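Here are the chains, one letter per residue:
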Amino acid sequence: TFGTFCATPTFAAFVSMLNDARIGAGKPPLGFLNPFLYSAGYKALDDVAEDNNPGCGTQGFISTVGWDPVTGYGTPNFNKLKDLDLAMPYMPK
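Below, the structure is looked at part by part. Given the structure is predicted, the values throughout are model-derived calculations rather than measurements.

Right, let's talk about the nonpolar core for a bit. The tendency in soluble globular proteins is for nonpolar side chains to be buried as a group. Listed in full, the 11 residues of the largest apolar core are Phe14, Val15, Leu18, Leu30, Leu33, Phe36, Leu37, Ala44, Phe78, Leu81 and Met88. For this core, the elements supplying multiple residues, two or more each, are helix H1 (3-24), helix H2 (34-39) and helix H3 (78-87). Counting residues per element, this core draws most heavily on H1, at three residues.

As structure tokens, this is what we get:
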């Protein structure tokens, strides 16, 4: 039950550190993240292929390779995200 309460501010800190790296490299901040995450950023997420989210007497959704409703594309890997982010010449709008 505490996953979202922990994950949201943790990912916000990741984004803040990515923006810091971008600004340090003379690039603009990320802005709206979806274009980055769905065009390239998902490659820097570590896939969680074996898990589930049980509840209400059910097994819940089951994780699988690639996108799934339990973990999306996976858990963020900061170093991979930073490398991908800084390699982009600009942020798509």
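Let us keep going from here.
Each aromatic ring pair is summarised here by two numbers: the centre-to-centre distance and the angle between the ring planes. Here the structure, examined in full by the defined rule, presents four aromatic pairs. With a centroid separation of 5.2 Å and an interplanar angle of 35°, the aromatic rings of tyrosine 42 and tyrosine 73 are classed as tilted. One end of the pair, tyrosine 42, is in the loop between H2 and strand S1 (45-46); the other, tyrosine 73, is in the loop between S1 and strand S2 (75-76), with 31 residues separating them in the sequence. For tyrosine 42, a relative accessible area of 31% translates into the label partly exposed. By way of ring pairs, the aromatic residues Phe11, Phe14 and Phe78 are connected into one cluster.

Rules of the game
Residues numbered from 1 in each chain as written. Predicted model: local features only at pLDDT ≥ 70, side-chain atom pairs only at ≥ 80, totals over all residues. Heavy atoms only, no water. Core = buried A, V, L, I, M, F, W, Y, C linked by side-chain atoms within 4.5 Å. Buried < 20%, exposed > 50% of the residue type's maximum accessible area, 1.4 Å probe, protein only. Helix = DSSP H or I, 4+ residues; strand = E, 2+ residues; numbered from the N terminus. Phe/Tyr/Trp six-rings, centres within 6.5 Å; stacked < 30°, edge-to-face > 60°.

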